[in-house]
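Coordinate analysis (summary)
One letter stands for each residue in the lines below.
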Amino acid sequence: MLRLVDIRKSYRVGPTTREVLQGIDLEVGAGDLISIMGASGSGKTTLMNLIGLLDRPTSGACFLNERDVSGLADDELSTLRNAHVGFVFQSFHLLPRLTALENVCLPLVYQGLRRMEMQQRAHAMLTRVGMADWGQQRPGQLSGGQKQRVAIARSLVTEPTLLLADEPTGALDADTAAEVMALLLELNEQQGVTILIITHDPLVARRCKRRLRIHRGTLLETEHRAASVHSGQPTRSGPEATAAPADAQP
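This write-up is about the structure you can find in this document.

What counts and how
- Residues numbered from 1 in each chain as written.
- Predicted model: local features only at pLDDT ≥ 70, side-chain atom pairs only at ≥ 80, totals over all residues.
- Heavy atoms only, no water.
- Helix = DSSP H or I, 4+ residues; strand = E, 2+ residues; numbered from the N terminus.
- Contact = heavy atoms within 4.5 Å.
- Expected span 1.5 Å × (residues − 1).
- Buried < 20%, exposed > 50% of the residue type's maximum accessible area, 1.4 Å probe, protein only.
- Arc of directions from axis to C-beta.
- Phe/Tyr/Trp six-rings, centres within 6.5 Å; stacked < 30°, edge-to-face > 60°.
- Lys NZ or Arg CZ within 6 Å of the ring centre and 35° of its normal.
- Axes fitted to C-alpha atoms, helices over the stretch in contact; angles between N-to-C directions.
- Parallel < 35°, antiparallel > 145°, perpendicular 65-115°, else oblique.
- Left-handed = near helix turned anticlockwise from the far one by under 90°.
- Nonpolar A, V, L, I, M, F, W, Y, C, P; charged D, E, K, R; others polar.
- Salt bridge = Lys/Arg side-chain N within 4 Å of Asp/Glu carboxyl O.

Topic: the environment of D32
Among the structural elements, D32 can be located in the loop between β2 (16-28) and β3 (33-37). Sequence-distant contacts of D32, defined by excluding residues within four places in its chain, comprise E27, N188, V193, T194, I195 and R210.

Observations concerning helix α4 (residues 115-128)
Here α4 spans 20 Å end to end across 14 residues, near enough to the 20 Å set by a 1.5 Å rise per residue. Looking at α4, one finds that the buried residues are M118, A122, M125 and L126. Looking down the long axis of α4, one finds its buried residues gathered within 100° of arc, a one-sided arrangement. For α4, the exposed residues set more than 90 degrees away from the buried face come down to M116 and Q120. Looking at the buried residues of α4, the elements they touch are α3 (100-109) and α5 (144-156). Among the residues trailing α4, G130 stands out with phi positive, at a value near 80°.

Some points on unusual backbone geometry
We note that D6 has phi near 50°; this positive angle belongs to a residue other than glycine. Structurally, D6 can be placed in strand β1 (residues 2-13). Judged by relative accessible area, which is 34%, D6 ranks as partly exposed. In the Ramachandran plot, F92 falls in the positive-phi region, its phi being about 70° despite a non-glycine side chain.

A few points about the packing of aromatic side chains
Applying the stated criterion to the full structure yields one aromatic pair. Ring geometry for F87 versus F89: centroids 5.9 Å apart, planes at 5°, classification stacked. According to the relative accessible area criterion, F87 is buried, its value standing at 14%. You can call F89 partly exposed: its relative accessible area is 22%. The cationic tip of R3 hangs over the ring face of F63; the distance from NZ or CZ to the ring centre is 4.3 Å.

Looking at the packing of α3 against α5
One can describe the packing of α3 onto α5 by two numbers: an axis separation of 7 Å at closest approach and a directional angle of 30°. When the interaxial angle is binned, α3 and α5 end up roughly parallel. As α3 packs across α5, the resulting crossing turns out to be right-handed. For the pair formed by α3 and α5, the contact residues are A100, N103, V104 and P107 on the first element and V150, A153 and R154 on the second. Across the contact of α3 with α5, the residue classes tally to five nonpolar, one polar and one charged.

Some remarks on the pattern of salt bridges
Opposite charge on two side chains permits pairing when their charged atoms draw close. If you walk through the whole model with that rule in mind, you get six salt bridges. Here E19 and R8 are joined by a salt bridge, their closest N and O atoms 3.1 Å apart. Here E19 is found in strand β2, whereas its partner R8 is found in strand β1, with 11 residues between them in sequence. For E19, a relative accessible area of 36% gives the class partly exposed. Here R210 makes a salt bridge to D32, at a shortest N to O gap of 3.0 Å. With R210 in strand β9 (residues 210-215) and D32 in the loop between β2 and β3, this residue pair connects regions lying 178 residues apart in the sequence. A residue is classified by how much of its surface remains accessible, and D32, at 3% relative accessible area, is buried.

By themselves, these figures tell us nothing about what the structure is for.
Encoded structure:
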């Protein structure tokens, strides 16, 4: 479903060039549940932006459903992103003036749907995440866990190929974080949603089928508990390694 081949990303910082990603290889199959951990500045956000079609690599190729999207124009990337990628963020990014239902409708506006159809789909998605009775509430009237459930509903309303969750439990207390993680596990295990989680929390990482760590711009697979759906065999991401370096362990 998603394949990265020798992805490199560098930035100019004054007179020097900083190489953030140094030859990333990654395959994501349908139904995968993957965590990526790493220290601050290791390239996690840069990698997520590339996977989420928010940025382009300096070199290498990114294939989404067998299509090389590395060199597409901004409008083409935007169209693909809206159709195939859902985002969940630590700070929710809900618009405070809109109701929960209206927030979930937002991604559908760009698909040109009629108002009633948008509302029906948004309500169905709120029901799916246990928020059917809260559709007319604004974000300021919701708890942190409820806001994240609404954000998850918004990310899934377009039925994306891939859900990217950036620190989805980072702003929540332990009990609420556990509830949100349980919802993500249910979406993956019972409904087949493909999820990639960027996290600092080793407890979140350990709940995932595949655990990756980004270390000095290189991606290491530290654990793979389930075979890839599309290949039937475990795969390695980046350099071959049965364990990350000592300073890179979760």
